[in-house]
Structure formats: structure tokens, C-alpha cells
Amino acid sequence: MQRSTRISKVAEIAERDEKKAAEKLQNALKNYRSANNKLQELADYHNEYCDSSRPSTGKLNISNLQDTRAFLRKLNEVISIQKSVVNQCEQQLETARQHWLEKKQKTMSLDRLADTYRTEERAETDRREQSRSDDLNVLRFTWTQHQEKAV
């Protein structure tokens, strides 16, 4: 089996690994975007709630104010947790991106190596064919010379 054929099979395996890594990268990106969207929704809800819960024209109810503050504390806790989730997703995204880049570089290197091997094999085949052609021409010339002397 030629070197180019062997390395091409290895390159195919590397390409499958790269595709799997790309799928994981896509999933990590999807998870990051989803987590980030949830965080944005929570922040928007927090702002809307703050705006709508402001006491209107001097009516101040302590009980409502305490309930609002308690709810906002819980909402802030949820936002803090969601920020942690976003950070984790971002780290997973970066890890998946690095993994995919490594797989991509390996695949490209193996493809280049296979191309180099194919080029070398073609050159070797061309040299052999040229050598055979030269040998055949020498034989023809010798045979023609031999025929001319025989006549």
C-alpha cells in the first residue's frame, strides 16, 4: 500500500474527529447563546420590575416595599447564578473551540502530507516511465543498428 493511501486513511479518521469537534463547538455555542439570552431576559425583567414597582404619588406601603425588596433580592440571586452559568458556558465554548482548532490543524497537516506523498509518488512513477521509455528507445536503436548491419 502506498504511503499516500495509508496517510489518506489516517486523514479521513482525523476529518471525522474534526467534524465531531465541530458539532461539539456548535452545541457549546448554542448553549452559550441560550444562557446569555436567559441572562438578558432576567436583567430586562429586573429593570421592568424596578420601574413598575416604584411607589406612585406618595403612596408608600411598607409591606409592599418589603415584598418588593425581597423579590428583587431573590431575582438578583437568580441573575447572579445565571451569570455563573453564562461564564461556565463561555469556558466550555472556548474549550470546544480550542479542541476543534487542534483537530482542524491536524486534518490540514495530514491532508498536506498526503498531497506531498502523492506528488512524490507521481514523480517517481514519471521517472520510472521515462526510464522505461529511454530503455525501450535504446533497444529500438540497437535493434535498428543491428538490422542495418545485417542487410
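Here the structure is shown first, and the text comes after it.
Keep in mind the model is a prediction, meaning the values are calculated, not measured.

1. Considering the pattern of salt bridges
Two side chains bearing opposite charge may form a pair once their charged atoms approach each other closely.
Phase 1: Summed over all chains, the structure comprises seven salt bridges.
Phase 2: A salt bridge links Glu124 to Arg127, with the nearest nitrogen and oxygen atoms 2.8 Å apart. In this pair, Glu124 and Arg127 both sit in helix α2 (residues 62-150), three residues apart, roughly one turn of the helix.
Phase 3: Several salt bridges converge on common partners, so that one network encompasses Glu124, Arg127 and Arg128.

2. Some details on the nonpolar core
Phase 1: Grouped together as the largest cluster of nonpolar side chains are eight residues: Ala35, Leu39, Leu42, Leu72, Leu75, Ile79, Val86 and Cys89.
Phase 2: Counting residues per element, this core draws most heavily on α2, which supplies five residues.
Phase 3: In this view, Ile79 contacts Leu39, Leu42, Ala43 and His46; residues no more than four positions away in its chain are not counted.
Phase 4: Counting six residues, the second-largest nonpolar core is a separate cluster that includes Ala11, Ala14, Leu110 and Ala114.

3. Some points on the environment of Gln82
Phase 1: By the element assignment, Gln82 lies in helix α2.
Phase 2: Gln82 gets classed as buried once you look at its relative accessible area, which sits at 13%.
Phase 3: Residues Gln82 and Thr142, 60 residues apart in the sequence, show an inter-C-alpha distance of 89 Å.
Phase 4: Not counting residues up to four positions away in its chain, the partners in contact with Gln82 are Ala35, Lys38, Leu39 and Leu42.

4. Observations concerning the side chain of Ser8
Phase 1: Inspection of the secondary structure puts Ser8 in helix α1 (residues 3-52).
Phase 2: A polar contact is formed between the side chain of Ser8 and the backbone oxygen of Ser4, at a distance of 2.7 Å.
Phase 3: The contact partners of Ser8, leaving out residues within four places of it in the chain, are Ala114 and Arg118.

5. Digging into the environment of Lys83
Phase 1: Within the fold, Lys83 resides in helix α2.
Phase 2: Taking relative accessible area as the criterion, Lys83 reaches 46% and is therefore assigned partly exposed.

Cut-offs used in this document
Residues numbered from 1 in each chain as written. Predicted model: local features only at pLDDT ≥ 70, side-chain atom pairs only at ≥ 80, totals over all residues. Heavy atoms only, no water. Salt bridge = Lys/Arg side-chain N within 4 Å of Asp/Glu carboxyl O. Helix = DSSP H or I, 4+ residues; strand = E, 2+ residues; numbered from the N terminus. Core = buried A, V, L, I, M, F, W, Y, C linked by side-chain atoms within 4.5 Å. Buried < 20%, exposed > 50% of the residue type's maximum accessible area, 1.4 Å probe, protein only. Contact = heavy atoms within 4.5 Å. Polar contact = N/O pair within 3.5 Å; in protein donor to acceptor, adjacent residues only side chain to side chain.

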